[in-house]
Amino acid sequence: MALPRLLVLVLAGGAGGRLQLLTEHRAKPAVPFAGVYRLIDFPLSNCEHSGIADVWVSIQQHPTSLADHLANGRPWDLDRTTGGLMTLPPFQGTERGGWNTGTANSLWRQADLIRGFGADALVVVSSDAVYQLDYREVAEAHLESGAEVTMVTTEVEADDASRYGIVEVDGDRVTGYAYKPDEPATTTATNEVFVFDPGPTLDRLEQLQAEIGEEGLEDLGSHLLPAQTSDGLARAYRLEGYWRDVGTVESYWEAHQEFLSDEPPIDLDAPAWPVHTRGGRHSAARVLDDGQIENSLLSGGTRVSGNVRGSVISPGVVVEAGATVVDSVLLPGVRVRSGATVTRSVVDDRVDVGRGVTVGGDGDVTLVGRAVAIEEGTEVPAGARYPDPEDD
């Protein structure tokens, strides 16, 4: 029997405002993770290991920040003569042209292209989470169920549940769905992986668009998923493994701390399921005579002469002698000069932390924006955003 024809649509077009300064100059899927990866590497690697060779990436925010990374899709075996990787930027020229106003709106704008592909199942995923999942396995379970949509679910903390689409389930049947509710009925959340029956789903979107207009379509959870649920056509597929949404500064920092544990939640180099990324041209990491490294991830092209503890050090970072970096994430090209201290912070690309500067401390996570020079002796307090967006 022939394998079902599957199409994966990666929704990479959101503004990513919850990541604040980290998405000021880059698309959210292009945000670095664990030193050498980008967030989009996780869904693309899942596609590779699921044996899915038709992957479309819908992108509209800071497209050039992803273009070089994606290129022809070779790291994820998507450089095909036919099929493979295709990017979907905003377009004009038809009645569906224009800027996407949400995930359901994006799906509606690409409806003709999706129908023309003729997939048996459409897998729609976001790109702001860290996890491993066999999309083909989920799609095959979906096709067997006869559902219009299958929602992949996971458990979240009760005090964080209002950030997600929350479901109520009876066995594998979804009996209730609420999008980012003020008072969640459960802690079972969708993890932003959905498998749709393309024809009926797109027909439903057409009906919704006729009723409320294209801008009213908003996100998948606004109208589409509730309608499918109320008609009894939604099923749940439980993800048992690790899943972490990294769409906020705090969750992004916390995820890095989890990958510094003695037993990381995912082995990023596991022979059976490695996470692939576009390779960089970096020399070996160097720890010089005075350098001290404890419980940290150290990428290629780094030079450490100072003290680094519990931190993720991305390619090209320099920590000078007498500098200290603790419980922090330093993105590519950061330089921490002598006498400076960086604590519980996320520091974006090419930041120059001047001599004697103090960044962060005990308390909320501090965030430093891209390519700024922090002058000698400056004190950036715990929980601050530097430069302060309100000063713009």
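The protein chain is annotated in an unreviewed UniProt entry as NTP transferase domain-containing protein from Geodermatophilus normandii. Taken from UniProt, the Sequence similarities (unreviewed entry) comment for the protein chain reads in full: "Belongs to the bacterial/plant glucose-1-phosphate adenylyltransferase family."

## Comments concerning the packing of aromatic side chains
One pass over the structure, following the stated rule, counts eight aromatic pairs. Residues Phe 33 and Phe 259 carry aromatic rings whose centres are separated by 5.5 Å and whose planes lie at 85 degrees to one another, so their mutual orientation is edge-to-face. Residue Phe 33 is located in strand E2 (residues 32-33), and its partner Phe 259 is located in the loop between helix H8 (249-258) and strand E14 (286-287); the two are separated by 226 residues in the primary sequence. By relative accessible area, Phe 33 is classed as buried at 1%. Given the relative accessible area of 6%, Phe 259 is considered buried.

## Quick look at the domain arrangement of the protein chain
It is common to give the size of an interface as the accessible area that goes away when the parts come together. For the protein chain, the assigned domains read domain 1 (6-259) and domain 2 (286-386). In this assembly, 17 residues from domain 1 lie in contact with 23 residues from domain 2. Note on domain 1 versus domain 2: buried area summed over both sides is about 1700 Å², and carbon and sulfur give 66% of it. Taken together, domain 1 and domain 2 are joined by three salt bridges.

## Thoughts on the nonpolar core
Counting 38 residues, the largest nonpolar core has Val 8, Leu 133 and Tyr 135 as its most contacted members. Breaking this core down by element, the ones donating at least two residues are strand E1 (6-11), helix H1 (41-49), strand E4 (54-58), helix H2 (64-70), strand E6 (121-126), strand E7 (129-131), helix H5 (135-145) and strand E11 (188-196). One finds Trp 56, Val 149, Phe 194 and Leu 217 within the second-largest nonpolar core, a separate group that totals 30 residues.

## Focus on the pairing of strand E10 (residues 173-179)
Look at any regular strand and the pattern is simple: side chains alternate between the two faces of the sheet. Where strand E9 (residues 165-170) lies against E10, six bridges are found, and the strand directions are antiparallel. Looking at E10, one finds that Ile 166 is bridged to Ala 178. Following E9, the chain reverses through two residues before pairing antiparallel with E10; Gly 171 in that reversal takes a positive phi of roughly 70 degrees.

## Quick notes on the environment of Tyr 179
Locating Tyr 179 in the fold gives a position in strand E10. Residue class for Tyr 179 comes out partly exposed when judged on its relative accessible area of 27%. Separated by 136 residues in sequence, Tyr 179 and Pro 43 have C-alpha atoms that sit 22 Å apart. Setting aside residues no more than four positions away along its own chain, Tyr 179 makes contact with Tyr 164, Gly 165, Asp 219, Gly 221 and Ser 222. Side chain to side chain, Tyr 179 and Asp 219 meet in a polar contact 2.9 Å long.

## Notes on the sheet that holds strand E16 (residues 297-298)
In spatial order, the strands read E16-E19-E22-E25-E28-E31; together these six strands make up an open sheet with parallel pairing. Unpaired on one side and paired on the other, E16 and strand E31 (385-386) mark the two borders of the sheet.

## A few points about the pattern of salt bridges
Going through the model one piece at a time under the given rule, you end up with 22 salt bridges. Asp 79 is the partner of Arg 74 in a salt bridge, and the nearest nitrogen-oxygen pair spans 3.0 Å. Across the salt bridge formed by Asp 203 and Arg 115, the nearest N and O atoms sit 2.9 Å from each other. Residue Asp 203 is located in helix H6 (residues 198-212), and its partner Arg 115 is located in helix H4 (residues 111-117); the two are separated by 88 residues in the primary sequence. One connected set of salt bridges, linked through shared partners, spans Arg 26, Asp 348, Asp 349 and Arg 370.

## Considerations on the sheet that holds E14
Strand pairing within a sheet occurs via backbone hydrogen bonds; the two strands may be parallel or antiparallel. Pairing within the open sheet is parallel, and its six strands lie in the order E14-E17-E20-E23-E26-E29. The open sheet has two edge strands with one neighbour each: E14 and strand E29 (373-374).

## Points about unusual backbone geometry
What is expected of a backbone is that most residues other than glycine have negative phi and most peptide bonds are trans. Along the chain, Tyr 386 connects to Pro 387 via a cis peptide bond; the corresponding omega equals -5 degrees. Tracing the backbone shows Pro 387 in the segment after E31. At Lys 180, a position not held by glycine, the phi torsion is positive, near 50 degrees. With respect to the helices and strands, Lys 180 occurs in the loop between E10 and E11. Here the phi dihedral of Glu 192 falls at roughly 65 degrees; this positive angle occurs in a residue that is not glycine. Owing to a relative accessible area of 27%, Glu 192 belongs among the partly exposed residues under this scheme.

Cut-offs applied
Residues numbered from 1 in each chain as written. Predicted model: local features only at pLDDT ≥ 70, side-chain atom pairs only at ≥ 80, totals over all residues. Heavy atoms only, no water. UniProt positions renumbered as here; feature names shortened; annotations may be inferred. Phe/Tyr/Trp six-rings, centres within 6.5 Å; stacked < 30°, edge-to-face > 60°. Helix = DSSP H or I, 4+ residues; strand = E, 2+ residues; numbered from the N terminus. Buried < 20%, exposed > 50% of the residue type's maximum accessible area, 1.4 Å probe, protein only. Domains from an automatic or database assignment. Contact = heavy atoms within 4.5 Å. Buried area = accessible area lost by both parts, 1.4 Å probe. Salt bridge = Lys/Arg side-chain N within 4 Å of Asp/Glu carboxyl O. Core = buried A, V, L, I, M, F, W, Y, C linked by side-chain atoms within 4.5 Å. Pairing = 2+ DSSP bridges. Polar contact = N/O pair within 3.5 Å; in protein donor to acceptor, adjacent residues only side chain to side chain.

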